[in-house]
Amino acid sequence: MAATQEEIVAGLAEIVNEIAGIPTEDVQLDKSFTDDLDVDSLSMVEVVVAAEERFDVKIPDEDVKTLKTVGDAADYILKHQS
Amino acid sequence: MSPTNRTVVVTGIGATTPLGGDVASTWEGLVAGRSGVTPLTQEWAAEQPVRIAAQIAVEPTEVIPRPQARRLDRSAQFALVAAEEAWADAGFTAKAGEEGAGVEPERLGAVIASGIGGVTTLLGQYDVLKEKGVRRVSPHTVPMLMPNSPSANVGLAVNARAGVHTPVSACASGAEAIGYAIEMIRSGRADVVVAGGTEAAIHPLPMAAFANMMAMSKNNEDPEGASRPYDTDRDGFVMGEGAGVLILESAEHAAARGARVYAEAVGQGISADSHDIVQPEPEGRGIQAALRNLLASTDLDPAELVHVNAHATSTPAGDIAELKGLRAVFGDDADHIAVSGTKSMTGHLLGGAGGVESVATVLALYNRVAPPTINIKELDPAAAGLADVVRDEARKLPVDGRIAALNDSFGFGGHNVVLAFRTV
């Protein structure tokens, strides 16, 4: 069963917490991975791979660049999850 | 004074070793003659011919925040722990360039070496590749496994911009890093350099490889007694892990900020055996050359030499070749040199050895105490005839006057590095 937006944000929050040490409650839709959540370009790859696995979705490298905020990522996953 | 002939001093020390998570606990262990060697209880160790090692006393992940630790190879974690202790010990309260730091980034360098580099990351990620596929290989793999990673990460931590370097010479790497740092300051390129060595190679592949070279002790039944430099029955080294770091500084810079000075870093002597890729030259020819280069390039007075922290890995050939070299160069002056083999306690930290043993050498001078060589049941007669080995218990060094000490490090490939320190 496909995940809801709320479930996706909660999942992303756990992933970002694991990788960047940011408290899960700080991971909100409007937060920028780079500017707000201490996720640099290499760590972003880790976030994407973890998200792919968790939500059964493929996020090609060219699409990763468009995912600036947690909301961008949640929308992308919502639309592409199988 | 010309910028190419500046006096270099040690103003900070840091270490994380099999004896303790900092300098104080490591030094206490060394003076007490405590062994850091333990059985390897990991599952992979069961099928190894060598099932003992000197494992780190305090896991670096207990000290470094998790998000930072997970993107550092274990060798870089050790280096960072030791460097941060040394940095604070030198009286620096902020990174270079920040308010109250006491040094400009452009005048600060970092030279941290390891013998093998990020080997646990390399092999761990190869396991990931095979077991979980290409996509799961960590994007941090390359910056973690590259041999300059400890140096680069320490450089980032203190904001070093005068140069960040990584000399690689197997088990001489840590000492060569300190020698390189001394030259950076002496030549005027930097005022302060964070320098030392680190190693994290207790992993099934390096353990199997060193064991198959017949370089390591197979005394699995007696871990604490296995590393026994100069003992008649010594049968190879015991692998250790950890890091040791010095803060080296020009004497003027240290004086200007009122820093405590542990010792003067007098200089270095370097040579190469060009004899065999792994076997030491049996007469210590290359070691003699390194010692003569040291005497020719510094004003070190052999009459002041009272202590050598020997390379002494507990291999049959290497331990004696080193003593032959010391005797050949110093002659009767070798009679007043207390020789300590601290690998009897720490194991052999490979590229980390020169760092940790330089910390020990500096403290031996500062505290005027030579740590013991433990585990000598029967002193090899060949050693007894060549040197005054400090065995069983620590020994006081002369309480008066200026005294000097050496730290010897030699590496596979025929690298010989001798560092000289003396009291101020």
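Per-chain numbering applies: the sequence of each chain, read as written, is numbered from 1 onward. Going through the entries in the order they are written, you letter the chains from A and number the ligands from 1. Only residues with pLDDT of at least 70 are given local features in this predicted model, and only at 80 or more are side-chain atom pairs given and counted; all residues enter the totals for whole chains, interfaces and linings. Processing note: side-chain calculations cover all non-hydrogen atoms of the structure and skip hydrogens and water entirely.

1. Description of the overall build of chain A
Here's step 1: Each helix corresponds to a stretch of at least 4 residues labelled H or I by DSSP, and each strand to a stretch of at least 2 residues labelled E; elements are numbered beginning at the N terminus. Scanning chain A from terminus to terminus reveals five helices and zero strands.
Here's step 2: Ordered by position in the sequence, the α and β elements of chain A form the string α-α-α-α-α.
Here's step 3: Two things to know: the radius of gyration comes from C-alpha atoms, and the globule rule equals 2.2 Å times the number of residues to the power 0.38. The C-alpha radius of gyration computed for chain A amounts to 11 Å, which stays within 12% of the reference 12 Å derived for 82 residues, consistent with globular compactness.
Here's step 4: Expressed along its principal axes, the backbone C-alpha trace of chain A runs to roughly 30 × 25 × 20 Å.
Here's step 5: Buried residues in chain A amount to 44% of all 82 residues. Exposure is judged per residue with a 1.4 Å probe applied to protein chains only, and the accessible area is read against the type maximum: over 50% gives exposed, under 20% gives buried, and values in between give partly exposed.

2. So, the UniProt feature "domain: Carrier" (unreviewed entry) in chain A
Here's step 1: UniProt positions are given in the numbering used here, feature names are shortened, and annotations may be inferred rather than shown by experiment. Look at the UniProt record and you will see "domain: Carrier" (unreviewed entry) annotated at residues 3-81 of chain A.
Here's step 2: Annotated as 63% helix and 0% strand, the span residues 3-81 of chain A places its first and last C-alpha atoms 8 Å apart.

3. Quick look at the packing of helix α11 (residues 285-297) of chain B against helix α12 (residues 316-330) of chain B
Residues and elements named next belong to chain B.
Here's step 1: The angle between two axes is taken between their N-to-C directions and runs from 0 to 180 degrees, where each axis is a line fitted to C-alpha atoms and a helix contributes only its stretch in contact. Between α11 and α12, whose axes approach to 8 Å, the crossing angle comes to 40 degrees. Between α11 and α12, the angle falls in the class oblique. Viewed along their axes, α11 and α12 form a crossing whose handedness is right-handed. In contact with Ile-287, Gln-288, Leu-291, Arg-292 and Leu-295 of α11, α12 contributes Ala-321, Glu-322, Gly-325, Leu-326, Ala-328, Val-329 and Phe-330.
Here's step 2: Three classes are used, and their members are as follows: Ala, Val, Leu, Ile, Met, Phe, Trp, Tyr, Cys and Pro are nonpolar, Asp, Glu, Lys and Arg are charged, and the others, Gly among them, are polar. Each residue belonging to the contact of α11 with α12 can be placed in one class, and the counts come to eight nonpolar, two polar and two charged. Throughout, the term roughly parallel applies to angles under 35 degrees, roughly antiparallel to angles over 145, roughly perpendicular to angles from 65 to 115, and oblique to all others. Two helices cross in a left-handed way if the nearer one is turned anticlockwise from the farther one by less than a right angle. They cross in a right-handed way if the turn is clockwise. By the convention used here, residues are in contact when the closest approach between their heavy atoms is within 4.5 Å.

4. Regarding the pattern of salt bridges
Here's step 1: Just to be clear on terms, a salt bridge is a Lys or Arg side-chain nitrogen sitting within 4 Å of an Asp or Glu carboxyl oxygen. For the structure shown, the criterion picks out 29 salt bridges over all chains.
Here's step 2: For Arg-54 of chain A, the salt bridge goes to Glu-14 of chain A, with nearest N and O atoms at 2.9 Å. Here Arg-54 of chain A is found in helix α3 (residues 41-55), whereas its partner Glu-14 of chain A is found in helix α1 (residues 5-20), with 40 residues between them in sequence.
Here's step 3: Take Glu-14 of chain A: its relative accessible area is 45%, and that puts it in the partly exposed class.
Here's step 4: The shortest N-O distance in the salt bridge between Glu-18 of chain A and Arg-66 of chain B comes to 2.9 Å. Highlighted residues: Glu-18 of chain A in helix α1 and Arg-66 of chain B in helix α2 (residues 66-69), drawn from two different chains.
Here's step 5: Beyond isolated ion pairs, a larger network of salt bridges with shared partners links Glu-52 and Asp-61 of chain A together with Arg-135 of chain B.

5. Remarks on the environment of Pro-60 of chain B
All names here are of chain B.
Here's step 1: Here Pro-60 is to be found in the loop between β3 (52-53) and α2.
Here's step 2: On the basis of relative accessibility, which here comes to 2%, the residue Pro-60 falls in the buried class.
Here's step 3: A C-alpha to C-alpha distance of 7.9 Å links Pro-60 and Arg-74, two positions 14 residues apart in sequence.
Here's step 4: Filtering out sequence-adjacent residues up to four positions away, Pro-60 remains in contact with Arg-74, Gln-77, Phe-78 and Val-81.

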